[in-house]
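In case you want the letters, here they are:
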Amino acid sequence: MRAAKEEAVVVTARKTLKEGGGKYVALSFAFFLLCLICSALCLVSVAVGVLAFCLFALPFYFGFIAIADVYAEKSVTPSHRLTLKQYGAYFRPPFFGCFRVFVNLAKSIGSFFIGLALCLLVYGLVANAVDPLFQSDYARVADAYLAGDVEGAYAILDASVPLLRYMSVSLCVGVGAAFCTFLWWLVRYSLRPSLILVMGEQPGGFATFYYNRYFALAKKEYMPLIFKRTYGMFFAVPLGYALGAGVSFLFTVDYAIACSVGLAVMSLVFAAYLPWFGVLTKSFFLLRKVYFYKNQVAVTKELLAMAAKDPRYDEDYLEGLRQALKTSEDALHSYEEDHGQE
């Protein structure tokens, strides 16, 4: 039965994508251009590029993907005007913070240091074993530093192409690991704005708790679906970054240039998958609302059990929760009668 429902999601997504036609391609291209500008800002500073991604590219992603189900329910064709109209909604409740950007950035920073450390270790061991010039320059820098000549060590480092490439490649790998981590968590939170549209505005802590519970139920079907139907994206995105950065290192040892080119190629690949990924996510949420109803029942039961043990809540409050639970259970039963019990 689940395979049939998965196929229904895929068929609906294909139909939606076909009906949108060139509109989705145009929106995807606009998203790529925004990402390209953000990538170019990495030449100024990688931190500036990251900030630009969060302030400009991410809200456009939100407008294109996160509330695409609004377009479907109203039978409205997606367009730049409609997407930009929703651009500002990303910065206002109830959608502000829906992608958990600051939390995901913290996780990405952790990935940056892990990627950096691993590359420094592996690259250093390999280069020290096969590159005599790297061995010589590394030994000179170490000797100067141990002798207390810090300025001399930096002078040797600045003049050594093997050591500069070593540092730049390691930094570039760290940045790539950070961006891939951020995109991974972005995929995991891509259902949250659609859930907010159904729930309405809720306190931030409860909204996060509710989504985490919902995703714990839905991910058993959602993540395999996304992997199966967009598996190329998960390989092509990091490969695109590695290809862009790798080609750059053939001509320069500047890590900012390599990161900028790598992120530009990564953005192109992600933008190419964006229409299909977007309609697939939207179709899953609309056709598999059983997880929303099940989560509603489970969370309401949990709240009722907690409130019943807390003397601060009176009988009227408990009765309200019981009515909410009954309403949620009725909605779940009605859905299962229409779509089959799971």
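Refer to the preceding data block for the structure.
Quick summary incoming for the structure in this document. (Residues numbered from 1 in each chain as written. Predicted model: local features only at pLDDT ≥ 70, side-chain atom pairs only at ≥ 80, totals over all residues. Heavy atoms only, no water.)

**Some words on the overall build of the protein**
Stage number 1. Helix and strand content of the protein: 14 helices and zero strands.
Stage number 2. Along its sequence from the N terminus, the protein presents helices and strands in the succession α-α-α-α-α-α-α-α-α-α-α-α-α-α.
Stage number 3. Counting over 342 residues, the protein shows a buried share of 45%.
Stage number 4. Taking as baseline every contact in the protein between residues at least 6 positions apart, the subset at least 24 positions apart corresponds to 76%.
Stage number 5. Once the 30 positive and 26 negative side-chain charges of the protein are each reduced to a mean point, those two points are 7 Å apart. (Helix = DSSP H or I, 4+ residues; strand = E, 2+ residues; numbered from the N terminus. Buried < 20%, exposed > 50% of the residue type's maximum accessible area, 1.4 Å probe, protein only. Contact = heavy atoms within 4.5 Å. Lys, Arg positive; Asp, Glu negative; His and termini not counted. Charge placed at Lys NZ, Arg CZ, Asp CG, Glu CD.)

**Structural notes on the packing of aromatic side chains**
Stage number 1. This structure, assessed with the given rule, holds 32 aromatic pairs.
Stage number 2. Arranged with centres 6.3 Å apart and planes meeting at 75 degrees, the rings of F62 and F99 form a pair that is edge-to-face. With F62 in helix 3 (residues 46-66) and F99 in the loop between helix 5 (80-85) and helix 6 (101-130), this residue pair connects regions lying 37 residues apart in the sequence. Side by side, F62 and F99 carry an identical accessibility label, which is buried.
Stage number 3. A connected cluster of aromatic rings, assembled from ring pairs, spans F31, F60, Y61, F62, Y90, F91, F95, F99 and F270.
Stage number 4. Its guanidinium or amino end placed over the ring of W185, K107 lies 3.5 Å from that ring's centre, counting from NZ or CZ. (Phe/Tyr/Trp six-rings, centres within 6.5 Å; stacked < 30°, edge-to-face > 60°. Lys NZ or Arg CZ within 6 Å of the ring centre and 35° of its normal.)

**Points about helix 14 (residues 315-339)**
Stage number 1. The terminal C-alpha atoms of helix 14 lie 36 Å apart, and with 25 residues this matches the ideal 36 Å at 1.5 Å per residue to within 8%.
Stage number 2. The set of residues buried in helix 14 consists of L318, L321, L325, S328, L332, Y335 and E336.
Stage number 3. If you follow the buried residues of helix 14, they end up packed against helix 12 (255-287) and helix 13 (290-308).
Stage number 4. By the N-cap criterion, in which a side-chain oxygen at the helix start approaches the backbone nitrogen of a residue two or three places on, helix 14 is capped by D314, the distance to D316 being 3.3 Å. (Expected span 1.5 Å × (residues − 1). Polar contact = N/O pair within 3.5 Å; in protein donor to acceptor, adjacent residues only side chain to side chain.)

**Here's the deal with unusual backbone geometry**
Stage number 1. A positive phi angle, close to 55 degrees, is found at R100, a residue other than glycine.
Stage number 2. Along the chain, R100 turns up in the loop between helix 5 and helix 6.
Stage number 3. When its relative accessible area of 28% is taken as the criterion, R100 is described as partly exposed.

**Points about a nonpolar patch on the surface**
Stage number 1. Together, L51, L55, F56, F91 and F96 make up a nonpolar patch on the protein surface, roughly 480 Å² of accessible area in all.
Stage number 2. Structurally, the position occupied by L55 is in helix 3. (Patch = residues over 30% accessible without salt bridge, like charges linked within 9 Å, V, L, I, M, F, W, Y side chains within 5 Å. Areas by Shrake-Rupley, 256 points an atom, 1.4 Å probe, with all protein chains shown as cover. Salt bridge = Lys/Arg side-chain N within 4 Å of Asp/Glu carboxyl O.)

**A few points about the pattern of salt bridges**
Stage number 1. Inspection of the entire model under this criterion finds ten salt bridges.
Stage number 2. The salt bridge partner of R229 is E7, with a shortest N-O separation of 3.4 Å. Here the residue R229 occupies a position in helix 11 (residues 204-248), and E7 occupies one in helix 1 (residues 2-20), the gap between them amounting to 222 residues.
Stage number 3. Notably, a salt bridge pairs E221 with R288, separated by 2.9 Å at the nearest N-O pair. Of this pair, E221 sits in helix 11 while R288 is found in the loop between helix 12 and helix 13, placing the two residues 67 residues apart along the sequence. The pair formed by E221 and R288 is uniform in burial state, with each residue classed as buried.

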